[in-house]
Amino acid sequence: MSDNYYQNNDSYSNNQSSTNKYSLKENQLDNAHYGETSQYNPYGQSTQSNSYYNQYAQTSQSGYQNSPYGSFQNDYYSAQQKTILNGGYSREASETAVREVLTNAYLYMFLGLLVTGIIAAFMATKILGEGYFNVTAFMVALIMEIPVVIAANVAMKKNNVTLSYILFFLYSALNGMTLSVVLVAYTTQSVVSVFFICAAVFGIMTAFGALTKMDLSGIHSILMAGLFGLVIACLVNLFLKSAGLDYIVSIVGVVVFTGLMATDTQKIKNSVSIHPNYSPAVLGLFGALQLYLDFLNLFLKLLRLLGKRR
């Protein structure tokens, strides 16, 4: 019985083999007839049809690589994959933008202080040498500072680079005119020594704000509250004329503006991701204005505490 079983299996295998051979032969004949002779048969071996479908397959697999929009789509999705959720910047782009904005902020701040210093020194020399002080020009410059700095902030928020430049340096020039009185009141040696002390504090605090990983936004809110308190105390002291209150205000002012140098520097860094559509020049000018005010106010507070009057 087992012999018959294996014989039947062998005969079945032979039949299958012969059937497969005939099927293979038929397929070859069909391909030879339809594929090689007809260019319209998609299943044949036609060179033209195969090249068309191979091209379609390659195009589909590569994400429309050969289509007119393929390169754009590939670039778009590649950029999307590389983008980190940091205001639309990739990590490399964000770091480059932060460096550019910080560089602009320090540069514009330095130029603003240079303009202020030159005008203040020139006018102080004229006052000390000729003994002439133009009260009208001083009052006009003092009053104009407020609308000019407000207009500069508006121009920066509107991303107007040219107007922001003009208003920033105009504000620096107006400050030079009003600060000439301060240079007249204190000795040159006091002014120079306090300036270098202020510059050293500025360098340390801005480096800390730029390099620290700690979030300083909470500290910034406290410092801003202290700043409003200082403004109120100064207004009150205009009527009280208290030397003790003036001394306390100066000490608190040194603490507040020293801290603001660090927190404002971190704000400048964060502005790149918060305002990705703004020009680096405008972000740099906005940061320069903040640091300029911090430096100038710290300088005045230190001069009040450490300066020697003429």
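What counts as what
Going along each chain's sequence as written, the residues are numbered from 1 onward. Only residues with pLDDT of at least 70 are given local features in this predicted model, and only at 80 or more are side-chain atom pairs given and counted; all residues enter the totals for whole chains, interfaces and linings. Hydrogens and water are ignored here; the side-chain numbers use all heavy atoms of the structure. The numbering of helices and of strands both runs from the N terminus, where a helix is a DSSP run of H or I of at least 4 residues and a strand a run of E of at least 2. Here the expected length of a helix is defined as 1.5 Å per residue gap, with one fewer gap than residues. The classification of residues rests on relative accessible area computed with a 1.4 Å probe and restricted to protein chains. Under 20% of the type maximum is buried, over 50% is exposed, and intermediate values are partly exposed. Any N or O atom pair separated by 3.5 Å or less is treated as a polar contact, with the protein-specific requirement of one donor-capable and one acceptor-capable atom, and with residues adjacent in sequence counted only for side-chain atom pairs. Salt bridge, as applied in this entry: a Lys or Arg side-chain nitrogen positioned within 4 Å of an Asp or Glu carboxyl oxygen.

## Remarks on helix α10 (residues 280–306)
The end-to-end C-alpha distance of α10, which contains 27 residues, comes to 37 Å, matching closely the 39 Å that a straight helix rising 1.5 Å per residue would cover. Within α10, 19 of the 27 residues are buried, which leaves the element mostly enclosed by the surrounding structure. Between the side-chain oxygen at the start of α10 and the backbone nitrogen of Ala 281 there is a gap of 3.2 Å, and the oxygen is on Ser 279.

## Digging into the pattern of salt bridges
Two side chains with opposite charge may pair up if their charged atoms get near one another. Counted according to the given criterion, the structure contains two salt bridges. Ionic pairing is found between Glu 130 and Lys 126, a salt bridge with its closest N-O pair at 2.8 Å. With a gap of four residues between them, Glu 130 and Lys 126 both fall in helix α4 (residues 91–130), about one helical turn apart. Here Lys 126 falls in the partly exposed class, since its relative accessible area comes to 35%. Across the salt bridge formed by Arg 304 and Asp 246, the nearest N and O atoms sit 2.6 Å from each other.

## Observations regarding the environment of Lys 301
Relative to the helices and strands, Lys 301 resides in helix α10. Along the backbone, Lys 301 and Val 255 are 46 residues apart, and their C-alpha atoms lie at a distance of 9.8 Å.

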